[in-house]
Amino acid sequence: MKRLLSIELQKIWMNKASRVLTLTYFILLSFIALIAAIKFDIGPFKFHLAEMGIFNFPFIWHFNTYVAAWLKFFLAIVIVSMMANEYSYGTLKQNLIDGLSKKEFILSKFLTVVLFAFASTVFVFLMSLALGLCFSSYTEFSIIFSDLDYLLAFFVKLTGFFSFCLFLGILVKRSAFALGFLLVWNIIEAIVRGTLAFKIFPDSDTDKKITQFLPLESMSNLIVNPGPRLSVVKNIGTQMGIETDADFSVDYFAVLIVLAWTFAFIYFSYKLLKNRDL
């Protein structure tokens, strides 16, 4: 496994575009810390994000993983390009000639996907821990390390999404078309959600029970929008007469769905490669 992973990492590092995108992704992740510097003072109105509690433990685990998940598209480009380059440069055929089996080839790609997801999770954990220790009003040990299941959800979400990108890269063979297909699939899911919610089941939540099994929707359900959890948002909602009893915890059924999709993406990636004439 170490040999397979080293082969893939060398390919990525030797490709200038992939190297730049990977570094850019982790640099942008670190920019989450700059949110603490956002501050506006307009007369009596003061807006300071760090003082609104977004870096309080354990809320910070929810907030940072939600924000960081939006940056996954940078690594998605790397994953798709990684697969497209195998066809463009003929390295896939050369690897197979050199004795690498198709199963080992897919395994090497999946290990890279898992490594990217794991490295992202560790990075977000360390950054969130540092920010929380600096800005959180609660620094008790039991509070700091509660709600860490958001990191698990973040890891599963990235693994599932990158596996989907890997599958598209193998299916389409061209990075631009694969990314275009990803956008189209996102639009298709949005149309399905809208049709079910407003046309077929307008008076029930049946639409959510159905769409939770869609790949991108299931990934989205892992970490829901943390905004309504903020006390300032709750206070505004109360003043406007809007009460919410939303559940913001990690849905482990969604975790199982995403893991099932991850397995399916890797399995069908292997099947495509196995049956394709290279």
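Note that the structure is predicted; figures quoted are calculated from it, not measured. (Residues numbered from 1 in each chain as written. Predicted model: local features only at pLDDT ≥ 70, side-chain atom pairs only at ≥ 80, totals over all residues. Heavy atoms only, no water.)

(A) How the structure looks around the side chain of asparagine 15. For asparagine 15, the position within the fold is in the loop between helix 1 (2–14) and helix 2 (16–30). By relative accessible area, which is 18% here, asparagine 15 ends up buried. Among the polar contacts listed, one links the side chain of asparagine 15 to the backbone nitrogen of serine 18, at a separation of 3.0 Å. Other than its neighbours up to four places away in sequence, asparagine 15 contacts Asn85 and Tyr89. (Helix = DSSP H or I, 4+ residues; strand = E, 2+ residues; numbered from the N terminus. Buried < 20%, exposed > 50% of the residue type's maximum accessible area, 1.4 Å probe, protein only. Polar contact = N/O pair within 3.5 Å; in protein donor to acceptor, adjacent residues only side chain to side chain. Contact = heavy atoms within 4.5 Å.)

(B) Spotlight on the side chain of serine 218. By secondary structure assignment, the location of serine 218 is in helix 11 (residues 215–220). Those residues in contact with serine 218 that sit more than four places away from it in its chain are Gln212, Ala254, Ile257, Val258 and Trp261.

(C) Representation of the pattern of salt bridges. All told, the structure shown has 6 salt bridges when counted by the stated rule. Residue glutamate 8 is joined to lysine 109 by a salt bridge in which the shortest nitrogen-to-oxygen separation is 2.6 Å. Remark: lysine 109 occurs in helix 6 (residues 102–135) and glutamate 8 occurs in helix 1; sequence separation between them is 101 residues. Like lysine 109, glutamate 8 is buried. With a shortest N-O distance of 2.7 Å, glutamate 86 and lysine 11 are connected by a salt bridge. Of this pair, glutamate 86 sits in helix 4 (residues 72–88) while lysine 11 sits in helix 1, and the two are 75 residues apart along the sequence. Residue classification places lysine 11 among the partly exposed residues on the basis of a relative accessible area of 24%. Through salt bridges that share partners, Glu8, Lys11, Glu86 and Lys109 make up one connected network. (Salt bridge = Lys/Arg side-chain N within 4 Å of Asp/Glu carboxyl O.)

(D) Spatial organisation of the layout of surface pockets. Put simply, the largest pocket is a space of about 1000 Å³. Taken together, 33 residues line the largest pocket, and the ones lying closest to its centre are Leu216, Glu217, Met219, Ser220 and Asn221. Broken down by secondary-structure element, the contributors of at least two residues to the lining of the largest pocket are helix 3 (59–69), helix 4, helix 8 (149–172), helix 9 (175–200), helix 10 (206–211) and helix 11. Per-element tally for the lining of the largest pocket: the top contributor is helix 9, with 6 residues. (1 Å grid on protein atoms, 1.4 Å probe; cavity = no way out; pocket = protein on both sides within 12 Å on 5 of 7 lines; lining within 4 Å. Points joined across faces, edges and corners; volume = space filled by probe spheres on them.)

From the geometry alone we can't say anything about function, so treat these as descriptive.
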